[in-house]
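Chain by chain, the residues run as shown.
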Amino acid sequence: MTDASISTKRRINVTTDLPHQTDYTLALNGEYSHIAFDEMRVLANKGKWRSDVFKVDANVPMDLEVGTGNGTHFAHYAQKNPNRTVVGLELKYKPLIQTIRRADKAGCRNAAVARFHAFNLTDIFQPGEIDNVFIHFPDPWTSPKKPKNRFVQKMNLDLLFDLQKPGSIIEFKTDSLVYFDWAMDEIRLSKYNILFETRDLHNSPIKAENFETAFEKIFLREGILINFVRLQKPHQ
């Protein structure tokens, strides 16, 4: 990185240093720069998302989606929850811009995205700044097996616990049973309460409330079961 203020936990390239800019990198720092932040500009948002980005009162809920993909859930959630704000994190430029473009075209004024590594959340959020968190179909890192790269692990859960407000939830969905079983072991070591857990979401009591992401529709067509867990940070 070219800036010492970036956390050294996980390092990513700096968009403005890329020798060849694409339509997506240009959109990130151009057309959508007021609601889409690269890995450098986003640092200024820490503790100021509500006041400076969304321009809402300090008590308005602010949720986080880690890994937005092409943004189908992100835009749906923002549109269905106009009284909440939502921040999406995504590393890849094309889905990042697809995500914010989808939300913007849907008329959402409560949505913003950032290109940032999810392992470094404490660089861009203050303790107690986040409400609910959604983690849908992250890379399972099963081939090659590199569990240290899986986002849902105790180290990151400890970070999220401090960043979330009491009573907030985390929802985690994955098609990988290997990842899910491994993550559940990590979750049981964390401070979160498990509200609901299933290895077959679409034959569970909460099927009706579930929004099917683009990835999810593909997995369902292939007969792959969806694993799901909902956690909560205790109120006290």
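Residues numbered from 1 in each chain as written. Predicted model: local features only at pLDDT ≥ 70, side-chain atom pairs only at ≥ 80, totals over all residues. Heavy atoms only, no water.

Draft legend 1. Here's a closer look at the nonpolar core. The biggest cluster of nonpolar side chains holds 38 residues, and the ones touching the most others in it are Trp49, Leu64, Phe125 and Phe151. The dominant element in this core, judged by the number of residues it contributes, is helix H6 (residues 177-187), at 5 residues. Each residue touching tryptophan 49, except ones within four places of it in the same chain, is listed here: Phe37, Val42, Phe54, Lys55, Met62, Val87, Ala112, Ala114, Ile124, Phe125 and Glu129. Judged by nonpolar contacts, the second largest core, of 19 residues, contains Phe74, Ile100, Ala103 and Cys108. (Core = buried A, V, L, I, M, F, W, Y, C linked by side-chain atoms within 4.5 Å. Buried < 20%, exposed > 50% of the residue type's maximum accessible area, 1.4 Å probe, protein only. Helix = DSSP H or I, 4+ residues; strand = E, 2+ residues; numbered from the N terminus. Contact = heavy atoms within 4.5 Å.)

Draft legend 2. Quick look at the pattern of salt bridges. Across all of its chains, the model carries 14 salt bridges by this definition. In this structure, arginine 115 engages glutamate 39 in a salt bridge whose closest nitrogen and oxygen atoms are separated by 2.7 Å. Highlighted residues: arginine 115 in the loop between strand E4 (111-114) and strand E5 (133-136) and glutamate 39 in the loop between strand E1 (36-37) and helix H2 (49-54), separated in sequence by 76 residues. In this structure glutamate 39 comes out as buried when scored by relative accessible area, which is 0%. Arginine 188 is the partner of aspartate 185 in a salt bridge, and the nearest nitrogen-oxygen pair spans 4.0 Å. Using a relative accessible area of 49% as the deciding quantity, one classes arginine 188 as partly exposed. (Salt bridge = Lys/Arg side-chain N within 4 Å of Asp/Glu carboxyl O.)

Draft legend 3. Up close: the environment of threonine 85. Here threonine 85 lies in strand E3 (residues 85-89). What makes threonine 85 buried here is its relative accessible area of 3%. Taking the C-alpha atoms as reference points, threonine 85 and alanine 112, separated by 27 residues in sequence, lie 8.3 Å from one another. The residues touching threonine 85, leaving out its near neighbours within four places in the chain, are Phe54, Val56, Val60, Pro61, Met62, Asp63 and Asn110.

Draft legend 4. Main features of the pairing of E5. Judged by which residues are buried, E5 turns out to be covered on both faces: Val133 and Ile135 on one side and Phe134 and His136 on the other are all buried. In terms of strand pairing, strand E2 (residues 62-66) meets E5 through 3 bridges, oriented parallel. By the bridge assignment, valine 66 is partnered in E5 with isoleucine 135. Sheet topology places E5 next to strand E6 (residues 169-174); 4 bridges connect them, and they run parallel. (Pairing = 2+ DSSP bridges.)

Draft legend 5. Here's a closer look at H6. Restricting attention to buried positions, one finds in H6 the residues Tyr179, Phe180, Ala183, Met184, Glu186 and Ile187. Buried residues along H6 cover an arc of 155 degrees about the axis, so they all sit on one side. (Arc of directions from axis to C-beta.)

Draft legend 6. Summary view of the confidence of the model for the chain. On average, residues of the chain score 94 in pLDDT, and 97% of them reach the 70 mark or higher. Overall, residues 1-8 carries pLDDT values under 50, and its contacts beyond four positions in sequence, including any with other chains, amount to 17 contacts. (pLDDT = per-residue confidence, 0-100.)

Draft legend 7. Local environment of the layout of surface pockets. For the largest pocket, the calculated volume is near 930 Å³. Lining the largest pocket we find 34 residues, and of these Gly67, Glu90, Phe137, Pro138 and Asp139 sit closest to its centre. Breaking the lining of the largest pocket down by element, the ones donating at least two residues are E2, helix H3 (72-80), helix H4 (93-105) and helix H7 (214-221). Among the elements that take part in the lining of the largest pocket, H7 stands out by supplying 4 residues, more than any other. For the lining of the largest pocket, a count of residues per class yields 16 nonpolar, 12 polar and 6 charged. (1 Å grid on protein atoms, 1.4 Å probe; cavity = no way out; pocket = protein on both sides within 12 Å on 5 of 7 lines; lining within 4 Å. Points joined across faces, edges and corners; volume = space filled by probe spheres on them. Nonpolar A, V, L, I, M, F, W, Y, C, P; charged D, E, K, R; others polar.)

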